[in-house]
Amino acid sequence: MNYIELNIVVTPIEIGRDIVMAELAELGFESFVETELGLEAYIQQPIFNENEVKKLFSFNHEDFKVVYEVITIKEQNWNEVWESNFDPINVNDTCYVRAPFHEKINKFKFDIEIEPKMSFGTGHHETTFLMIQELLEMELTNKNVLDMGCGTGVLAILATYKKASKVVAVDIDEWAYENTKENCLRNHCERIEVLKGGVEMIKNKEFDLIIANINRNILIQNLENYTKSLNHNGHILLSGFFSSDTDLLLNEATKYGLQLLNKKTKNDWTLLHLNH
């Protein structure tokens, strides 16, 4: 599957960039990279609708100007982009996320080798970083864990390293599915069950912990189903949404008996740790 990159210039950047990101997230853009002039936004090509982008409030705002270029990223080109831009990620001096071409550093308790192809979720994005931070603080020994929208599989791999008894990784995207399988093998986590599909893949399954790093609309749409698959006193980690959407997610969570245990923020993104 190809991805679309919007290379966006926002003037003045201080006023407009956050508004542009928030509105693009509503359209299904799933990853953002802030640049000196604005941002780069990524979306799967089949769901990209340029007419919807042009109609956005932020793209027609009186207080700032938005100019963008549409770039198609071919599947076979992603590794080249990845290798030219990727630096290792150090989370709390405990977890090290690196590419195959980076040297392993033995001081880290958890060393995860990731090659993402067309998948997102390497630790560079704030929400993946927040998820890794929260997982490092949790006791996962003998827990059943679901990584919903697994991307590269990095969170499922970390859960396995933390001695979860069973880990299931699910993603609707073909490249994410294949990439997660490859990264599981790369990190000697063959026991992770990798499934291609959506929320229907977890029907009749039960978990002690559900990790869902997706986007606001998908989280709201599927939160009831996640809760149905949660064991008594189970935990859910939600991220992939802007901090301004926190109350909306919490209001939805209370409908299904979920209570807030912890909240983390990084830049304009938030993680919610909920308990059933």
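What you see is a predicted model, and the numbers here were worked out from it, not measured in a lab.

**Re the packing of helix α7 (residues 216-228) against helix α8 (residues 246-254)**
Part 1: Two elements in contact, α7 and α8, have axes separated by 10 Å at closest approach and are oriented at 10°. Our classification of the angle between α7 and α8 gives roughly parallel. Counted together, Arg216, Leu219, Ile220 and Leu223 of α7 and Leu248, Leu249, Glu252 and Ala253 of α8 form the full contact between these two elements.
Part 2: The residue inventory of the contact of α7 with α8, partitioned by class, reads 6 nonpolar, no polar and 2 charged.

**Observations concerning the packing of aromatic side chains**
Part 1: By the definition in use, this model includes 7 aromatic pairs.
Part 2: Ring geometry for Tyr96 against Phe108: centres 4.6 Å apart, planes inclined by 15°, an arrangement best described as stacked. Taken together, the residues span a long stretch of sequence, with Tyr96 in strand β6 (residues 95-98) and Phe108 in the loop between β6 and β7 (110-113) at a distance of 12 residues.
Part 3: Judged by centre distance (6.5 Å) and plane angle (15°), the ring pair of Phe110 and Tyr161 falls under stacked. Linking Phe110 in strand β7 with Tyr161 in helix α5 (residues 154-161), this pair joins segments that are 51 residues apart in sequence.
Part 4: Its relative accessible area of 25% is what places Tyr161 among the partly exposed residues.
Part 5: Aromatic rings pair up to connect Phe32, Phe242 and Trp269 into one cluster.

**Focus on empty space enclosed by the protein**
Part 1: Here the structure, examined in full by the defined rule, presents 1 cavity of 30 Å³ or more.
Part 2: Roughly 60 Å³ of volume is contained in the largest cavity.
Part 3: If you trace the largest cavity, you find it lined by Ala22, Ala25, Glu26, Asn215, Arg216, Asn217, Gly240, Phe241, Phe242 and Asp245.
Part 4: Those elements giving two or more residues to the lining of the largest cavity turn out to be α1 (13-26), α7 and β12 (230-242).
Part 5: Class assignment of the residues belonging to the lining of the largest cavity gives a composition of 4 nonpolar, 3 polar and 3 charged.

Calculation notes
Counting restarts for each chain: residues are numbered from 1 in the order of the written sequence. At least 70 in pLDDT is required for a residue's local features to be given in this predicted model, at least 80 for side-chain atom pairs to be given and counted, and no such filter applies to totals for whole chains, interfaces and linings, which use all residues. Side-chain measures here rest on the full set of heavy atoms in the structure, leaving out hydrogens and waters. Under this scheme, a helix contributes an axis fitted over its contacting stretch, all axes are lines through C-alpha atoms, and angles between N-to-C directions fall in the 0 to 180 degree range. Put simply, DSSP marks the helices as runs of H or I at least four residues long and the strands as runs of E at least two long, and each gets a number from the N terminus on. By the definition adopted for this analysis, an angle is roughly parallel if under 35 degrees, roughly antiparallel if over 145, roughly perpendicular if from 65 to 115, and oblique otherwise. Contact definition: two residues touch when any of their heavy atoms are within 4.5 Å. Following the grouping adopted for this structure description, the nonpolar residues are Ala, Val, Leu, Ile, Met, Phe, Trp, Tyr, Cys and Pro, the charged ones are Asp, Glu, Lys and Arg, and the polar ones are all others, Gly among them. Pairing of aromatic rings covers Phe, Tyr and Trp, the last through its six-membered ring, and needs centres within 6.5 Å; plane angles under 30 degrees mean stacked, over 60 mean edge-to-face, and all others mean tilted. Categorising residues by exposure relies on relative accessible area from a 1.4 Å probe, with only protein chains included: less than 20% of the type maximum marks a residue as buried, more than 50% marks it as exposed, and the intermediate range marks it as partly exposed. A pocket, in this scheme, is an open set of points on a 1 Å grid over the protein atoms alone with protein on both sides within 12 Å along at least 5 of 7 lines, while a cavity is a set where a 1.4 Å probe fits but cannot get out; residues line either one if an atom lies within 4 Å of a point. Grid points are joined across faces, edges and corners, and a volume is the space filled by probe spheres set on the points.

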